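Each chain is listed here by its residues.
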Amino acid sequence: MSNVIANAPSNADTMTLEKEGAENGPAVMADAQRKSNRSETILYVDGVSVTFDGFRALNNLSFYVEPGELRAIIGPNGAGKTTMMDIITGKTRPDTGDVLFKSETDLTKMDEADIANLGIGRKFQKPTVFESHTVFDNLLLACSGGRGVFNALFHRLSGAEKARIDKTLTTIMLDDKRDEMAANLSHGQKQWLEIGMLLMQEPELLLVDEPVAGMTDSETEETAKLLRAIAKEYSVVVVEHDMEFVRDLDCKVTVLHEGSVLAEGRLDHVQKDPRVIEVYLGR
Amino acid sequence: MTDYSQKYKMTPVVGWLLQDRGGMILLAILIAASILIPICSLLLPQSSAFHVPTWMVSLLGKYLCYALLALSVDLIWGFCGILSLGHGAFFALGGYAMGMYLMRQIGDRGVYGNPDLPDFMVFLNWTELPWYWYGFDMFWFAIVMAMFVPGLLAFVFGFLAFRSRVTGVYLSIITQAMTYALLLAFFRNDMGFGGNNGLTDFKDLLGYSLQSDGTRAGLFVASCVFLGLCYIVARGITQSRLGKVLIAIRDAESRVRFTGYRVEYYKLFVFTVSAVMAGIAGALYVPQVGIINPGEFAPALSIEIVIWVAVGGRGTLYGAVLGAFIVNYAKTFFTGVMPDFWLFFLGGLFIAVTLFLPKGVIGAVPAFGSANGQSFLSGVRKRLNAGGKA
Ligand SMILES: Nc1ncnc2c1ncn2[C@@H]1O[C@H](COP(=O)(O)OP(=O)(O)OP(=O)(O)O)[C@@H](O)[C@H]1O
Ligand SMILES: [Mg+2]
């Protein structure tokens, strides 16, 4: 907010601005809106573009997530959803645009490990867990705390860590799989384990890419419940194709298409948007 | 299974060693060998059926050095997925450090009788010892260098490679290039390491003649001790949380990054430790074989080490030791009986192991079989079936 005040034009200027505003009023409004958005966002993505070999995967993408918000992102294949996560988590650098965490930290200058330690956890589209470790060890490795080499060398499991892991095991419904190799889990269970690993990192923002892909209906329902519970404590961005699931999440939806935002709002609202129907839902 | 780590809270090392069955067997064998072999070699008369001739003591000592080298490769390949095809370079550097000490020990007993300069330098008409030979008249210095130089090279090389995220086959290729570059460099006479003849004609070590049976037995025992110590260090690393991170890097590197670990530091650590172990192996090897030359840098030798590990069983540590013994015994045998067939045999062995024993010889022993409980026979059956269908 202080930014806005400092930059606020004097009264006289405001007058002239207002006159001009007749023509470019909406632009000025949008700008002010953007600034105020920025000051209270956990995630601020603004004007981001990325090109892969001449192909624009993201095209002037802007959206904002408020602290504590649960946000669903939908969009047809190739819309740029995963690329957007790559940008936020430092895997890909944007050609242009700003990505800010908690309105202040510029994520485009940092690498994956830094961003993870800052408090952004990410679940991959293809579930990725440490297959040759037990479920318990998977969670242990994700457990927040010393990430240094020598820290890890001399680390001994503390009671507090054990308690946290056990709590997370219950949350992700894998209590009885504690000592099972992660490789032996079902596809859905791996998805849950990966979500559990994010929780162990104690992030502030979770980015979850297609958490119910390949899940049975009942697993999908459980996952929606799980994510809603998680969203009470953290800010969560979920990418998903499954409309039923998105409806279950009961949250604001952003529709991506060809690398930019096509529509935003409640699911019922965006589903009525003719452009959305044309590119996505109508197919 | 009993949770030994709980029982032995005060001594965690004992705890995790007791859980490592293969490691316990290996350490027991090493201890027994380091007691029995010197006795059988030095105390029993030659006529005794149990007498171990000196050449065999040295041969076994040489195998132990190879085993340590294989262990160092398994530590990075088996546990962190870093397929180094240049570990022979670290081994050779350790060997050269020891060789330089042994050269200085010759003193004025060389052909030219120069008390300071090794023969090859006199031959090149050099008048002064190059600065990088300073200090190698001291045993402790040579030992430190045998570990420090390979460690430093691995650190610098690893820093550049891992920071740039060079992985997989690209990393393997540049490790080959590294050892090949060193091969060419050490071939040059003006490098000051004896050119293509290398360093040889050693006389004694710490005042003990290298030809004597006692020294040979001593070197054998030292090889056992260092293999055992390095095994314990390697096992300590792999069973720690750091070791779990290494395995995680091997299986899903990007997941580890997004979990907040600096993958490059972990790789750098284990790569450097591994190079130091290879250096120690080289330093123990040279006095037992009596020569070190640039041939040890040959890229093909580094590839052979990987085969030892694959044959024994990757990712087990003791499997690497076993593999080094099996393949090198076979090599000794074949090069004696039909030298022309050795390379065919090695290639065939490698293919057979990849096809039928993906977990190596160790994986075929039920007691050490995989954690997934897949037995050797069912593994073979599966593979044959899969092959039949394909
Ligand atoms: N590293 C890359 N190099 C080249 N093209 C890429 C790269 N990453 C993504 N793309 C392209 O960018 C576009 C957006 O891909 P992205 O994976 O972000 O889509 P998505 O919305 O996640 O789709 P899906 O629903 O299939 O997961 C695709 O056309 C993809 O082929
Ligand atoms: Mg995607």
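Above this text sits the structure in question.
Worth saying up front: this structure is predicted, and the values here are computed from it rather than measured.

K.L.:
Looking at this structure, I do not really get the sheet that holds strand S7 (residues 205–209) of chain A. What am I missing?
P.N.:
Pairing between the strands of a sheet is mediated by backbone hydrogen bonds and can be parallel or antiparallel. Residues and elements named next belong to chain A. The strand order S6-S7-S8-S3-S9-S10 describes an open sheet built from six strands, whose pairing is mixed. On the outer flanks of this sheet lie strand S6 (120–123) and strand S10 (260–265), each paired with one strand and no other. Averaged over all adjacent pairs, the angle separating strand axes in this sheet is 20°, with direction ignored. Strand direction decides the pairing type here: S6 and S7, joined by four bridges, are parallel. Its bridge partner being in S7, Arg122 is matched across the sheet by Leu207. Sitting on the sheet, helix H3 (residues 81–88) touches strand S3 (70–74), S6, S7, strand S8 (235–239) and strand S9 (252–257), and the angle it makes with S7 is about 150°.

K.L.:
I tried to follow the site of ligand 1 on my own but got confused; where do I start?
P.N.:
Residues and elements named next belong to chain A. Neighbouring residues of ligand 1: 13 residues in total, closest Asn77, Lys81, Thr82, Thr83 and His241. Here an oxygen atom of ligand 1 sits 2.9 Å away from a polar atom, N or O, in the main chain of Gly78. A distance of 2.8 Å separates an oxygen atom of ligand 1 from a polar side-chain atom of Gln125. When the free accessible area of ligand 1 is taken as 640 Å², the share hidden by the protein chains comes to 64%. Among the secondary structure elements, those contributing two or more residues to the shell around ligand 1 are strand S2 (55–65) and H3. No other element matches H3, which puts three residues into the shell around ligand 1. Here the residues of the shell around ligand 1 are counted per class, giving four nonpolar, seven polar and two charged.

K.L.:
Could you clarify how one ought to interpret the coordination of the magnesium ion (ligand 2) in this entry?
P.N.:
Residue and element names in this part refer to chain A. Looking at the metal site, the magnesium ion (ligand 2) is ligated by Thr82 (OG1) and Gln125 (OE1), spaced 1.9 to 2.2 Å from it. With Thr82 in helix H3 and Gln125 in the loop between S6 and helix H5 (135–142), this residue pair connects regions lying 43 residues apart in the sequence. On the accessibility criterion, Thr82 (26% relative accessible area) is partly exposed.

K.L.:
How should a nonpolar patch on the surface be read in this particular structure?
P.N.:
A contiguous nonpolar patch, built from Met138(B), Trp140(B), Val144(B), Phe148(B), Val149(B), Leu152(B), Phe155(B), Val156(B), Phe159(B) and Leu160(B) and spanning about 910 Å² of accessible area, is present on the exposed surface. Positionally, Leu152(B) belongs in helix H7 (residues 139–163).

K.L.:
Explanation requested: the interface of chain A and chain B in the structure shown.
P.N.:
By a widespread convention, an interface's size corresponds to the accessible area lost as its parts come together. Opposite the 36 residues of chain A that make contact, chain B presents 26 residues. Of all residues in chain A, Phe130(A), Leu141(A) and Val149(A) give up the largest surface area on contact with chain B, accounting jointly for 21% of the area buried on that side. Inspection of the chain A/chain B interface yields six salt bridges. Linking Asp114(A) and Arg262(B) is a salt bridge whose minimum nitrogen-to-oxygen distance equals 3.0 Å.

Procedures and definitions
Residues numbered from 1 in each chain as written. Chains lettered and ligands numbered in written order. Predicted model: local features only at pLDDT ≥ 70, side-chain atom pairs only at ≥ 80, totals over all residues. Heavy atoms only, no water. Pairing = 2+ DSSP bridges. Helix = DSSP H or I, 4+ residues; strand = E, 2+ residues; numbered from the N terminus. Axes fitted to C-alpha atoms, helices over the stretch in contact; angles between N-to-C directions. Contact = heavy atoms within 4.5 Å. Near = heavy atom within 4 Å. Polar contact = N/O pair within 3.5 Å; in protein donor to acceptor, adjacent residues only side chain to side chain. Areas by Shrake-Rupley, 256 points an atom, 1.4 Å probe, with all protein chains shown as cover. Nonpolar A, V, L, I, M, F, W, Y, C, P; charged D, E, K, R; others polar. Donors = N, O, S within 2.8 Å, 3.2 Å for Na, K, Ca; no water. Buried < 20%, exposed > 50% of the residue type's maximum accessible area, 1.4 Å probe, protein only. Patch = residues over 30% accessible without salt bridge, like charges linked within 9 Å, V, L, I, M, F, W, Y side chains within 5 Å. Salt bridge = Lys/Arg side-chain N within 4 Å of Asp/Glu carboxyl O. Buried area = accessible area lost by both parts, 1.4 Å probe.

Purely geometric numbers; function is a separate question.
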